[in-house]
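Architecture at a glance
Next come the chains, spelled out residue by residue.
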Amino acid sequence: QVQLVESGGGLVQAGGSLKLSCAASGRTFSSYTMGWFRQAPGKEREFVAGIGWSSGITRYADSVKGRFTISRDNAKNTMYLQMNSLKPEDTAVYYCAAARALITSPDYWGQGTQVTVSS
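Summary of the structure given here. (Residues numbered from 1 in each chain as written. Predicted model: local features only at pLDDT ≥ 70, side-chain atom pairs only at ≥ 80, totals over all residues. Heavy atoms only, no water.)

Attention now goes to unusual backbone geometry. Positive phi values are uncommon outside glycine, yet N77 reaches one of about 50°. Looking at the secondary structure, you find N77 in the loop between β7 (68–73) and β8 (78–83). Residue N77 is classed as buried on the basis of its relative accessible area of 19%. Phi angles above zero are rare outside glycine, and S85 is one such case at about 50°. With respect to the helices and strands, the residue S85 is situated in the loop between β8 and β9 (92–99). (Helix = DSSP H or I, 4+ residues; strand = E, 2+ residues; numbered from the N terminus. Buried < 20%, exposed > 50% of the residue type's maximum accessible area, 1.4 Å probe, protein only.)

A few words now on the environment of Q82. With respect to the helices and strands, Q82 occurs in strand β8. Residue Q82 is classed as partly exposed on the basis of its relative accessible area of 25%. Each C-alpha atom of the pair Q82 and I70 lies 6.4 Å from the other, and the pair is 12 residues apart in sequence. In this structure Q82 touches S17, L18, K19, R67, F68 and T69, once residues within four positions along its chain are discounted. A polar contact is formed between the side chain of Q82 and the side chain of N84, at a distance of 2.9 Å. (Contact = heavy atoms within 4.5 Å. Polar contact = N/O pair within 3.5 Å; in protein donor to acceptor, adjacent residues only side chain to side chain.)

One pass over the full model with this rule turns up four aromatic pairs. Taking 5.6 Å as the distance between ring centres and 80° as the angle between the ring planes, the aromatic pair formed by F37 and F47 counts as edge-to-face. Linking F37 in strand β4 (residues 33–39) with F47 in strand β5 (residues 46–51), this pair joins segments that are 10 residues apart in sequence. F47 matches F37 in its accessibility class, with the two residues each being buried. Ring plane angle 90° and centroid distance 6.4 Å describe the contact between Y95 and W109, whose orientation is recorded as edge-to-face. Of this pair, Y95 sits in strand β9 while W109 sits in strand β10 (residues 108–109); the two residues are 14 residues apart in sequence, bridging distant segments of the chain. The aromatic ring of F47 is capped on one face by R59, whose charged end is 4.9 Å from the ring centroid. (Phe/Tyr/Trp six-rings, centres within 6.5 Å; stacked < 30°, edge-to-face > 60°. Lys NZ or Arg CZ within 6 Å of the ring centre and 35° of its normal.)

In structure tokens, the structure reads:
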């Protein structure tokens, strides 16, 4: 069982930056593929970024490539999402996720943190 808690969301102006954190419980954090998803009002939840257990492999949605960076610290059971050059269309609830296999099929979800980008 893995419990995930996101933090770091907030209100920022377009062009600004935010860093999200996802703290995980459990001693097996390092064995999970981790990722971030987001859901904007009236839209389906979408994949944002994923990272393998060893941080060697990362993957990003086209919409955030070059602006967002995913990372993890297995010693701290924590994953991060550095978001730069934020746009109003990045406004959404951001969710942390953990998967035993593919991040596109998460086994665990966090409760979400709101990110609002004003124009």
